[in-house]
Amino acid sequence: MGGLIVARFVVFVLFASSNCATDGGANVVDGGPEVAREGSVEENVISEDPLDDVTPIGEKEKQSTEDRLKLFQYDPVKLGHVHRVADESGRIMELVTAALNPPIFEIRNFLSSEECDRVINLAKEVGLENSEVDPELLPSLSDRSEDEIIHIFEELDVNMDSYLDTAELVNGLMDMAGGLLSEEDVSSLLADLELDSDHDQRLDFPEFQLSWTPEVEKSVSKWVKDKQTSNGTFRFSSTRVSDQTWLDQSSIGDATLAQLHERVVKLMQLPKEIVGSSEDLQVVRYKVGGHYHAHFDSSELDNTLPCSHTEDVFGEIRGQREPEVNSKTCRYATVLFYLNDVKEGGETAFPIADNETFSREALDTMPYDVHDLTYHCYDSNLVVKAEKGKAILWYNHLVNTSNGWVGASNQLSLHGGCELRKGEKWIANNWINIDDSYQRQMHYLELFNEGLVRRREEKLKGGEQTMEDPSDHETIEMDEEDKEVHGDRDEL
(Lines give C-alpha, C1' and ligand atoms only; values in the text may rest on other atoms or scores of the structure.)
Protein backbone atom coordinates (compact mmCIF):
# COMPACT_ATOMS: atom_id res chain seq x y z
CA MET A 1 0.00 0.00 0.00
CA GLY A 2 3.05 2.24 0.20
CA GLY A 3 4.12 4.95 2.58
CA LEU A 4 1.66 7.39 4.01
CA ILE A 5 2.37 10.91 5.26
CA VAL A 6 0.93 11.92 8.62
CA ALA A 7 0.27 15.61 9.23
CA ARG A 8 2.65 17.14 11.72
CA PHE A 9 0.37 19.88 12.98
CA VAL A 10 -0.79 18.49 16.29
CA VAL A 11 -2.70 19.97 19.17
CA PHE A 12 -2.13 18.26 22.48
CA VAL A 13 -5.17 18.10 24.70
CA LEU A 14 -5.68 17.01 28.27
CA PHE A 15 -5.53 13.28 28.88
CA ALA A 16 -5.71 11.46 32.16
CA SER A 17 -3.51 8.41 32.58
CA SER A 18 -5.39 5.32 33.69
CA ASN A 19 -5.81 1.68 32.82
CA CYS A 20 -8.39 2.78 30.26
CA ALA A 21 -7.66 1.68 26.70
CA THR A 22 -10.92 2.77 25.16
CA ASP A 23 -12.77 5.96 24.38
CA GLY A 24 -15.03 6.40 27.35
CA GLY A 25 -13.72 4.00 29.94
CA ALA A 26 -14.11 0.35 28.90
CA ASN A 27 -10.89 -1.65 28.79
CA VAL A 28 -11.79 -4.59 26.60
CA VAL A 29 -14.42 -4.74 23.86
CA ASP A 30 -16.61 -7.72 22.98
CA GLY A 31 -14.98 -10.50 21.04
CA GLY A 32 -11.67 -10.57 22.94
CA PRO A 33 -10.46 -12.86 25.71
CA GLU A 34 -11.54 -12.33 29.25
CA VAL A 35 -8.89 -10.34 31.08
CA ALA A 36 -7.78 -11.18 34.60
CA ARG A 37 -8.07 -8.26 37.03
CA GLU A 38 -5.98 -9.79 39.80
CA GLY A 39 -2.33 -10.83 39.81
CA SER A 40 0.42 -10.05 37.33
CA VAL A 41 0.04 -12.96 34.88
CA GLU A 42 -2.83 -13.68 32.52
CA GLU A 43 -3.62 -17.37 32.92
CA ASN A 44 -6.02 -17.75 30.00
CA VAL A 45 -4.32 -18.90 26.80
CA ILE A 46 -5.91 -17.36 23.73
CA SER A 47 -6.03 -19.82 20.85
CA GLU A 48 -9.46 -19.38 19.29
CA ASP A 49 -9.80 -18.21 15.70
CA PRO A 50 -10.87 -14.54 15.90
CA LEU A 51 -13.16 -15.08 12.92
CA ASP A 52 -15.30 -17.73 14.59
CA ASP A 53 -17.86 -15.26 15.92
CA VAL A 54 -17.64 -12.63 13.18
CA THR A 55 -20.48 -12.14 10.72
CA PRO A 56 -19.24 -12.88 7.16
CA ILE A 57 -17.90 -9.73 5.57
CA GLY A 58 -19.84 -10.25 2.34
CA GLU A 59 -23.21 -10.26 4.08
CA LYS A 60 -25.40 -7.40 2.81
CA GLU A 61 -27.93 -7.18 5.61
CA LYS A 62 -27.53 -4.12 7.77
CA GLN A 63 -26.09 -5.12 11.11
CA SER A 64 -27.16 -3.71 14.42
CA THR A 65 -24.55 -2.25 16.72
CA GLU A 66 -24.84 -5.35 18.91
CA ASP A 67 -24.23 -7.76 16.03
CA ARG A 68 -21.44 -6.08 14.13
CA LEU A 69 -17.69 -6.60 14.58
CA LYS A 70 -16.14 -5.01 17.66
CA LEU A 71 -12.47 -4.07 17.73
CA PHE A 72 -10.29 -5.78 20.30
CA GLN A 73 -7.67 -4.14 22.50
CA TYR A 74 -5.64 -5.79 25.23
CA ASP A 75 -6.19 -4.39 28.69
CA PRO A 76 -2.79 -3.27 30.01
CA VAL A 77 -4.00 -3.97 33.60
CA LYS A 78 -0.79 -2.71 35.23
CA LEU A 79 2.89 -2.29 34.43
CA GLY A 80 4.58 -5.67 34.13
CA HIS A 81 1.33 -7.57 33.63
CA VAL A 82 1.68 -10.54 31.26
CA HIS A 83 -0.87 -11.70 28.69
CA ARG A 84 -0.15 -15.16 27.28
CA VAL A 85 -1.34 -15.71 23.70
CA ALA A 86 -0.92 -18.72 21.40
CA ASP A 87 0.66 -18.00 18.03
CA GLU A 88 -0.05 -19.75 14.70
CA SER A 89 1.93 -22.83 15.77
CA GLY A 90 0.56 -23.00 19.32
CA ARG A 91 3.70 -21.49 20.83
CA ILE A 92 2.94 -19.09 23.69
CA MET A 93 3.76 -15.42 23.21
CA GLU A 94 4.06 -13.27 26.32
CA LEU A 95 2.88 -9.67 26.10
CA VAL A 96 4.40 -7.63 28.94
CA THR A 97 2.74 -4.29 29.69
CA ALA A 98 5.28 -1.47 29.28
CA ALA A 99 2.80 1.43 29.50
CA LEU A 100 -0.84 1.90 30.36
CA ASN A 101 -1.71 4.93 28.23
CA PRO A 102 -1.33 4.27 25.41
CA PRO A 103 -1.36 0.50 25.99
CA ILE A 104 2.16 -0.63 24.99
CA PHE A 105 3.33 -4.23 25.14
CA GLU A 106 6.77 -5.80 24.71
CA ILE A 107 6.88 -9.30 23.20
CA ARG A 108 10.30 -10.93 23.37
CA ASN A 109 11.17 -13.68 20.86
CA PHE A 110 8.23 -12.75 18.65
CA LEU A 111 10.49 -13.62 15.71
CA SER A 112 13.23 -16.25 15.61
CA SER A 113 16.76 -15.23 14.68
CA GLU A 114 16.32 -16.98 11.33
CA GLU A 115 13.09 -15.09 10.62
CA CYS A 116 14.77 -11.78 11.38
CA ASP A 117 17.64 -12.60 9.01
CA ARG A 118 15.20 -13.66 6.29
CA VAL A 119 13.25 -10.38 6.44
CA ILE A 120 16.49 -8.38 6.24
CA ASN A 121 17.69 -10.41 3.25
CA LEU A 122 14.35 -9.98 1.45
CA ALA A 123 14.56 -6.22 2.00
CA LYS A 124 18.07 -6.15 0.55
CA GLU A 125 16.91 -8.16 -2.47
CA VAL A 126 14.04 -5.75 -3.14
CA GLY A 127 16.31 -2.75 -2.55
CA LEU A 128 16.11 0.08 -0.02
CA GLU A 129 15.62 3.77 -0.72
CA ASN A 130 16.59 6.73 1.41
CA SER A 131 13.69 7.91 3.56
CA GLU A 132 15.21 11.15 4.84
CA VAL A 133 12.56 13.83 4.70
CA ASP A 134 13.28 16.20 1.81
CA PRO A 135 11.32 19.45 2.16
CA GLU A 136 10.96 19.65 -1.61
CA LEU A 137 9.12 16.32 -1.62
CA LEU A 138 6.65 17.24 1.12
CA PRO A 139 3.07 18.12 0.14
CA SER A 140 3.02 21.83 -0.72
CA LEU A 141 1.70 23.77 2.26
CA SER A 142 0.73 26.54 -0.15
CA ASP A 143 -1.98 24.29 -1.57
CA ARG A 144 -4.07 24.87 1.55
CA SER A 145 -7.23 26.93 1.34
CA GLU A 146 -7.58 30.11 3.38
CA ASP A 147 -9.93 28.33 5.79
CA GLU A 148 -7.33 25.60 6.29
CA ILE A 149 -4.59 28.15 6.92
CA ILE A 150 -6.80 29.91 9.48
CA HIS A 151 -7.38 26.57 11.19
CA ILE A 152 -3.65 25.78 11.26
CA PHE A 153 -2.86 29.25 12.61
CA GLU A 154 -5.39 28.76 15.40
CA GLU A 155 -3.93 25.34 16.25
CA LEU A 156 -0.41 26.72 16.44
CA ASP A 157 -1.49 29.77 18.46
CA VAL A 158 -1.39 27.93 21.78
CA ASN A 159 -1.75 30.97 24.02
CA MET A 160 -4.50 32.36 21.74
CA ASP A 161 -3.04 35.85 21.56
CA SER A 162 -3.49 36.04 17.75
CA TYR A 163 0.29 35.89 17.21
CA LEU A 164 2.74 33.06 16.64
CA ASP A 165 5.91 33.50 18.66
CA THR A 166 9.16 31.66 17.96
CA ALA A 167 8.26 28.74 20.26
CA GLU A 168 4.95 28.24 18.46
CA LEU A 169 6.65 28.53 15.07
CA VAL A 170 9.10 25.71 15.83
CA ASN A 171 6.30 23.21 15.17
CA GLY A 172 4.77 25.30 12.40
CA LEU A 173 8.00 25.29 10.40
CA MET A 174 8.82 21.62 10.97
CA ASP A 175 7.25 20.38 7.74
CA MET A 176 8.46 23.32 5.66
CA ALA A 177 12.04 22.96 6.94
CA GLY A 178 12.04 19.17 6.94
CA GLY A 179 13.28 18.97 10.51
CA LEU A 180 13.67 20.60 13.88
CA LEU A 181 14.87 24.19 14.28
CA SER A 182 15.68 25.92 17.56
CA GLU A 183 13.86 29.11 18.59
CA GLU A 184 17.06 31.05 17.89
CA ASP A 185 17.18 29.62 14.36
CA VAL A 186 13.52 30.51 13.82
CA SER A 187 14.30 34.12 14.80
CA SER A 188 17.20 34.21 12.33
CA LEU A 189 15.08 32.66 9.59
CA LEU A 190 12.30 35.22 10.05
CA ALA A 191 14.80 38.05 9.82
CA ASP A 192 16.88 36.65 6.94
CA LEU A 193 13.83 35.92 4.78
CA GLU A 194 12.03 39.10 5.86
CA LEU A 195 8.93 37.21 6.93
CA ASP A 196 8.49 39.31 10.07
CA SER A 197 7.60 42.66 8.48
CA ASP A 198 7.30 44.59 11.76
CA HIS A 199 10.37 42.96 13.36
CA ASP A 200 8.60 41.97 16.57
CA GLN A 201 9.80 38.33 16.56
CA ARG A 202 6.31 36.97 15.96
CA LEU A 203 3.86 36.58 13.10
CA ASP A 204 0.30 37.83 13.00
CA PHE A 205 -2.12 36.11 10.62
CA PRO A 206 -1.44 38.32 7.55
CA GLU A 207 2.31 37.71 7.96
CA PHE A 208 1.71 34.01 8.48
CA GLN A 209 -0.52 33.77 5.41
CA LEU A 210 2.12 35.46 3.23
CA SER A 211 4.58 32.81 4.38
CA TRP A 212 2.53 30.01 2.84
CA THR A 213 3.67 30.36 -0.76
CA PRO A 214 5.74 28.05 -3.00
CA GLU A 215 8.46 30.70 -3.17
CA VAL A 216 8.76 30.93 0.62
CA GLU A 217 8.79 27.13 0.94
CA LYS A 218 11.74 26.95 -1.44
CA SER A 219 13.45 29.81 0.38
CA VAL A 220 13.10 28.05 3.75
CA SER A 221 14.52 24.82 2.31
CA LYS A 222 17.45 26.70 0.74
CA TRP A 223 18.07 28.64 3.96
CA VAL A 224 18.38 25.39 5.94
CA LYS A 225 20.70 23.78 3.38
CA ASP A 226 22.90 26.88 3.21
CA LYS A 227 23.17 26.98 7.01
CA GLN A 228 24.11 23.30 7.14
CA THR A 229 26.96 23.75 4.67
CA SER A 230 28.27 27.12 5.86
CA ASN A 231 27.83 27.05 9.63
CA GLY A 232 29.50 24.27 11.56
CA THR A 233 27.62 25.11 14.74
CA PHE A 234 24.18 25.16 13.11
CA ARG A 235 22.05 22.60 14.95
CA PHE A 236 19.49 21.08 12.64
CA SER A 237 18.09 17.58 12.84
CA SER A 238 16.12 16.20 9.92
CA THR A 239 12.82 14.64 10.89
CA ARG A 240 13.88 11.21 9.63
CA VAL A 241 17.17 9.68 8.48
CA SER A 242 16.99 6.05 7.33
CA ASP A 243 16.59 3.68 4.37
CA GLN A 244 13.40 1.73 3.76
CA THR A 245 11.54 -0.67 1.51
CA TRP A 246 8.16 -2.39 1.43
CA LEU A 247 7.48 -6.15 1.37
CA ASP A 248 4.12 -7.40 0.11
CA GLN A 249 3.46 -10.37 2.37
CA SER A 250 0.71 -11.74 0.12
CA SER A 251 2.35 -11.61 -3.30
CA ILE A 252 6.03 -12.33 -2.65
CA GLY A 253 5.14 -15.92 -1.80
CA ASP A 254 7.72 -16.20 0.97
CA ALA A 255 7.03 -18.75 3.69
CA THR A 256 8.56 -16.60 6.45
CA LEU A 257 6.44 -13.55 5.55
CA ALA A 258 3.31 -15.71 5.38
CA GLN A 259 4.05 -17.17 8.80
CA LEU A 260 4.62 -13.72 10.30
CA HIS A 261 1.32 -12.57 8.84
CA GLU A 262 -0.51 -15.44 10.57
CA ARG A 263 1.30 -14.64 13.81
CA VAL A 264 0.20 -11.01 13.71
CA VAL A 265 -3.40 -12.16 13.11
CA LYS A 266 -3.22 -14.27 16.28
CA LEU A 267 -1.56 -11.45 18.19
CA MET A 268 -4.09 -8.79 17.23
CA GLN A 269 -7.19 -10.97 17.67
CA LEU A 270 -8.74 -9.29 14.63
CA PRO A 271 -10.15 -10.83 11.44
CA LYS A 272 -7.38 -11.91 9.09
CA GLU A 273 -8.92 -9.80 6.30
CA ILE A 274 -8.21 -6.63 8.28
CA VAL A 275 -4.59 -7.59 8.85
CA GLY A 276 -4.15 -8.86 5.30
CA SER A 277 -5.63 -5.76 3.65
CA SER A 278 -3.44 -3.36 5.64
CA GLU A 279 -0.24 -1.74 4.41
CA ASP A 280 2.68 -3.81 3.22
CA LEU A 281 5.42 -4.61 5.73
CA GLN A 282 7.80 -1.64 5.93
CA VAL A 283 11.43 -2.60 6.55
CA VAL A 284 13.76 0.20 7.71
CA ARG A 285 17.53 0.34 8.11
CA TYR A 286 19.23 2.99 10.25
CA LYS A 287 22.95 3.71 10.12
CA VAL A 288 24.99 5.73 12.64
CA GLY A 289 23.23 9.07 13.12
CA GLY A 290 19.93 7.64 11.84
CA HIS A 291 16.79 8.57 13.75
CA TYR A 292 13.11 9.39 13.42
CA HIS A 293 11.92 12.27 15.59
CA ALA A 294 8.76 11.85 17.64
CA HIS A 295 5.62 11.65 15.52
CA PHE A 296 2.22 9.97 15.31
CA ASP A 297 1.53 6.93 13.14
CA SER A 298 -2.13 7.83 12.63
CA SER A 299 -4.11 10.99 11.98
CA GLU A 300 -6.73 12.47 14.25
CA LEU A 301 -10.36 11.78 13.38
CA ASP A 302 -11.64 14.26 10.82
CA ASN A 303 -15.03 13.67 9.22
CA THR A 304 -14.08 15.87 6.26
CA LEU A 305 -11.26 13.52 5.19
CA PRO A 306 -11.43 9.86 4.11
CA CYS A 307 -8.82 7.28 5.13
CA SER A 308 -6.00 6.88 2.64
CA HIS A 309 -6.03 3.07 2.49
CA THR A 310 -9.71 2.90 1.51
CA GLU A 311 -10.02 6.11 -0.52
CA ASP A 312 -7.07 5.20 -2.74
CA VAL A 313 -9.00 2.12 -3.86
CA PHE A 314 -12.46 3.68 -4.15
CA GLY A 315 -11.08 6.72 -5.93
CA GLU A 316 -9.06 4.60 -8.33
CA ILE A 317 -12.27 2.82 -9.28
CA ARG A 318 -14.02 6.15 -9.86
CA GLY A 319 -11.06 7.52 -11.78
CA GLN A 320 -11.23 10.64 -9.64
CA ARG A 321 -8.57 10.01 -7.05
CA GLU A 322 -5.00 11.25 -6.79
CA PRO A 323 -3.19 9.06 -4.23
CA GLU A 324 -2.25 10.61 -0.89
CA VAL A 325 -4.07 13.90 -1.45
CA ASN A 326 -6.73 15.22 0.95
CA SER A 327 -6.94 12.10 3.06
CA LYS A 328 -5.87 10.97 6.51
CA THR A 329 -3.75 8.06 7.69
CA CYS A 330 -5.78 5.48 9.59
CA ARG A 331 -3.51 3.15 11.54
CA TYR A 332 -5.43 1.62 14.42
CA ALA A 333 -2.36 -0.13 15.84
CA THR A 334 1.36 -0.56 15.24
CA VAL A 335 3.39 -3.75 15.59
CA LEU A 336 7.11 -3.00 15.37
CA PHE A 337 9.70 -5.79 14.93
CA TYR A 338 13.36 -5.44 15.91
CA LEU A 339 15.40 -7.44 13.39
CA ASN A 340 18.89 -7.17 14.93
CA ASP A 341 20.71 -6.39 18.15
CA VAL A 342 21.87 -2.79 18.29
CA LYS A 343 25.27 -1.86 19.74
CA GLU A 344 24.32 1.58 21.06
CA GLY A 345 21.33 3.87 20.68
CA GLY A 346 18.40 3.23 18.36
CA GLU A 347 15.81 2.79 21.09
CA THR A 348 12.12 3.48 20.52
CA ALA A 349 11.00 6.37 22.71
CA PHE A 350 7.53 7.40 23.86
CA PRO A 351 8.12 10.91 25.27
CA ILE A 352 4.76 11.39 26.98
CA ALA A 353 3.43 7.85 27.55
CA ASP A 354 1.54 7.52 30.83
CA ASN A 355 1.39 11.26 31.47
CA GLU A 356 -1.36 11.80 34.01
CA THR A 357 -2.33 15.00 32.23
CA PHE A 358 -0.84 16.70 29.23
CA SER A 359 -1.49 19.83 27.26
CA ARG A 360 0.17 21.79 24.50
CA GLU A 361 0.65 24.64 26.96
CA ALA A 362 2.66 22.33 29.21
CA LEU A 363 4.66 21.14 26.19
CA ASP A 364 5.71 24.66 25.32
CA THR A 365 6.88 25.39 28.86
CA MET A 366 9.22 22.37 28.96
CA PRO A 367 12.96 23.16 28.84
CA TYR A 368 13.45 20.97 25.73
CA ASP A 369 11.60 19.82 22.61
CA VAL A 370 10.06 16.40 23.26
CA HIS A 371 10.07 15.67 19.52
CA ASP A 372 13.87 15.89 19.34
CA LEU A 373 15.12 12.34 19.87
CA THR A 374 18.65 13.14 18.78
CA TYR A 375 19.30 15.10 21.97
CA HIS A 376 16.42 14.16 24.27
CA CYS A 377 15.73 10.47 23.75
CA TYR A 378 16.42 9.57 27.37
CA ASP A 379 14.19 12.32 28.71
CA SER A 380 11.22 10.32 27.42
CA ASN A 381 8.80 8.62 29.79
CA LEU A 382 9.36 5.22 28.13
CA VAL A 383 12.42 4.06 26.20
CA VAL A 384 12.34 0.56 24.67
CA LYS A 385 15.68 -1.11 23.88
CA ALA A 386 16.10 -2.66 20.43
CA GLU A 387 16.64 -6.43 20.79
CA LYS A 388 16.68 -8.94 17.95
CA GLY A 389 13.40 -10.83 17.65
CA LYS A 390 11.45 -8.57 20.02
CA ALA A 391 8.23 -6.86 18.96
CA ILE A 392 6.32 -4.02 20.54
CA LEU A 393 2.60 -3.43 20.07
CA TRP A 394 0.76 -0.21 20.78
CA TYR A 395 -2.62 1.27 19.91
CA ASN A 396 -2.79 4.63 18.13
CA HIS A 397 -6.53 4.98 18.75
CA LEU A 398 -8.98 4.44 21.54
CA VAL A 399 -12.08 2.29 21.02
CA ASN A 400 -15.43 4.07 20.91
CA THR A 401 -17.47 2.36 23.63
CA SER A 402 -20.78 3.32 22.00
CA ASN A 403 -20.15 1.15 18.93
CA GLY A 404 -16.95 -0.80 19.54
CA TRP A 405 -15.20 0.78 16.55
CA VAL A 406 -12.31 3.20 16.02
CA GLY A 407 -12.34 6.06 18.50
CA ALA A 408 -10.25 9.20 18.97
CA SER A 409 -6.51 9.16 18.39
CA ASN A 410 -4.46 8.69 21.53
CA GLN A 411 -2.24 11.78 21.76
CA LEU A 412 0.04 10.00 24.22
CA SER A 413 1.12 7.59 21.45
CA LEU A 414 3.71 10.15 20.29
CA HIS A 415 6.86 8.11 19.58
CA GLY A 416 10.01 7.90 17.51
CA GLY A 417 13.38 6.28 16.94
CA CYS A 418 16.34 7.55 18.97
CA GLU A 419 19.59 8.35 17.21
CA LEU A 420 21.77 5.33 16.46
CA ARG A 421 25.22 5.70 18.03
CA LYS A 422 26.98 2.52 16.87
CA GLY A 423 26.38 -0.19 14.28
CA GLU A 424 23.20 -0.70 12.27
CA LYS A 425 19.56 -0.98 13.26
CA TRP A 426 16.93 -2.94 11.31
CA ILE A 427 13.22 -2.79 12.13
CA ALA A 428 9.94 -3.63 10.40
CA ASN A 429 6.59 -1.89 10.86
CA ASN A 430 3.38 -3.89 10.54
CA TRP A 431 0.58 -1.30 10.63
CA ILE A 432 -3.05 -2.31 11.08
CA ASN A 433 -5.22 -0.05 8.91
CA ILE A 434 -8.89 0.38 9.88
CA ASP A 435 -11.23 3.05 8.53
CA ASP A 436 -13.08 4.92 11.26
CA SER A 437 -16.24 4.49 9.16
CA TYR A 438 -17.43 0.94 9.83
CA GLN A 439 -19.44 0.63 6.62
CA ARG A 440 -16.63 2.01 4.50
CA GLN A 441 -14.15 -0.48 5.98
CA MET A 442 -16.55 -3.37 5.41
CA HIS A 443 -17.01 -2.39 1.77
CA TYR A 444 -13.25 -2.10 1.36
CA LEU A 445 -12.84 -5.63 2.74
CA GLU A 446 -15.45 -6.88 0.25
CA LEU A 447 -13.39 -5.39 -2.58
CA PHE A 448 -10.24 -6.89 -1.08
CA ASN A 449 -11.81 -10.34 -0.96
CA GLU A 450 -12.95 -9.99 -4.55
CA GLY A 451 -9.41 -9.24 -5.66
CA LEU A 452 -10.04 -5.63 -6.64
CA VAL A 453 -7.46 -4.22 -4.27
CA ARG A 454 -4.79 -6.54 -5.62
CA ARG A 455 -5.74 -5.78 -9.21
CA ARG A 456 -5.48 -2.06 -8.45
CA GLU A 457 -1.93 -2.54 -7.20
CA GLU A 458 -1.02 -4.59 -10.26
CA LYS A 459 -2.48 -1.89 -12.47
CA LEU A 460 -0.38 0.77 -10.76
CA LYS A 461 2.69 -1.40 -11.34
CA GLY A 462 2.01 -1.51 -15.08
CA GLY A 463 -0.43 -4.38 -15.44
CA GLU A 464 -3.41 -4.31 -17.80
CA GLN A 465 -6.09 -5.34 -15.34
CA THR A 466 -9.07 -3.02 -15.07
CA MET A 467 -11.10 -2.06 -12.06
CA GLU A 468 -14.80 -2.62 -11.68
CA ASP A 469 -17.05 0.36 -11.25
CA PRO A 470 -18.44 0.78 -7.72
CA SER A 471 -21.92 1.08 -9.20
CA ASP A 472 -21.74 -2.68 -9.78
CA HIS A 473 -21.91 -3.11 -6.03
CA GLU A 474 -24.77 -2.46 -3.72
CA THR A 475 -24.57 0.97 -2.11
CA ILE A 476 -23.87 0.71 1.61
CA GLU A 477 -25.56 3.25 3.82
CA MET A 478 -24.08 4.45 7.09
CA ASP A 479 -25.76 3.37 10.28
CA GLU A 480 -26.52 5.88 13.02
CA GLU A 481 -23.18 5.38 14.80
CA ASP A 482 -21.23 6.24 11.63
CA LYS A 483 -23.44 9.26 10.97
CA GLU A 484 -22.70 10.62 14.42
CA VAL A 485 -18.99 10.61 13.61
CA HIS A 486 -18.96 11.32 9.89
CA GLY A 487 -22.14 13.16 9.05
CA ASP A 488 -23.90 12.21 5.82
CA ARG A 489 -20.98 12.19 3.40
CA ASP A 490 -21.12 9.48 0.73
CA GLU A 491 -19.37 6.27 1.62
CA LEU A 492 -17.80 6.15 -1.81
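Preceding this paragraph is the structure being described.
Now for a description of the structure that goes with this document.

What counts, and at which threshold
Residues numbered from 1 in each chain as written. Predicted model: local features only at pLDDT ≥ 70, side-chain atom pairs only at ≥ 80, totals over all residues. Heavy atoms only, no water. Helix = DSSP H or I, 4+ residues; strand = E, 2+ residues; numbered from the N terminus. Buried < 20%, exposed > 50% of the residue type's maximum accessible area, 1.4 Å probe, protein only. Areas by Shrake-Rupley, 256 points an atom, 1.4 Å probe, with all protein chains shown as cover. Pairing = 2+ DSSP bridges. Contact = heavy atoms within 4.5 Å. Axes fitted to C-alpha atoms, helices over the stretch in contact; angles between N-to-C directions. Disulfide = S-S within 2.5 Å.

1. Focus: the overall build of the protein
Here is step 1 of the chain: When helices and strands are tallied, the protein shows 14 helices and 22 strands.
Here is step 2 of the chain: Burial statistics for the protein: of 492 residues in total, 55% are counted as buried.
Here is step 3 of the chain: Surface exposure of the protein reaches about 21,100 Å², of which carbon and sulfur atoms provide 46%.

2. Let's talk about the sheet that holds strand S22 (residues 425-433)
Here is step 1 of the chain: Here nine strands make up an open sheet; going across it, the order is S1-S2-S3-S17-S13-S22-S11-S10-S4 and the pairing antiparallel. Edge positions in the sheet fall to strand S1 (82-86) and strand S4 (129-130), since each of these pairs with one other strand and no more.
Here is step 2 of the chain: For strand S10 (residues 243-247) and strand S11 (residues 281-286), the ladder comprises five bridges, and the chain directions are antiparallel. Directly across from Gln244, in S11, lies its bridge partner Val284.
Here is step 3 of the chain: Packed on one face of the sheet, helix H1 (residues 113-126) meets S10, S11, strand S13 (331-338) and S22 and runs near 100 degrees to S10.
Here is step 4 of the chain: Lying over the sheet, helix H8 (residues 255-268) contacts S1, strand S2 (92-99), strand S3 (104-107), S10, S11, S13, strand S17 (391-395) and S22, oriented at roughly 130 degrees with respect to S13.

3. Observations concerning the state of the cysteines
Here is step 1 of the chain: Throughout the structure, instances matching the rule amount to two disulfides.
Here is step 2 of the chain: Note that Cys377 is cross-linked by a disulfide to Cys418, the S-S spacing being 2.0 Å. Handedness of the Cys377-Cys418 disulfide follows from its S-S torsion of about 75 degrees: it is right-handed. With Cys377 in the loop between helix H11 (360-364) and strand S16 (382-384) and Cys418 in the loop between strand S20 (415-417) and strand S21 (420-422), the pair connects residues that are 41 residues apart, well separated along the chain.
Here is step 3 of the chain: A relative accessible area of 3% means that Cys377 is categorised as buried.
Here is step 4 of the chain: Judged by relative accessible area, Cys418 falls into the buried class, the value being 3%.
Here is step 5 of the chain: Ordinal numbering of bonded cysteines along the protein defines a disulfide pattern of 1-2, 3-4.

4. Thoughts on the environment of Ser112
Here is step 1 of the chain: Relative to the elements of secondary structure, Ser112 occurs in the loop between S3 and H1.
Here is step 2 of the chain: Each C-alpha atom, one on Ser112 and one on Gly389, is 5.8 Å from the other, the two residues being 277 residues apart in sequence.

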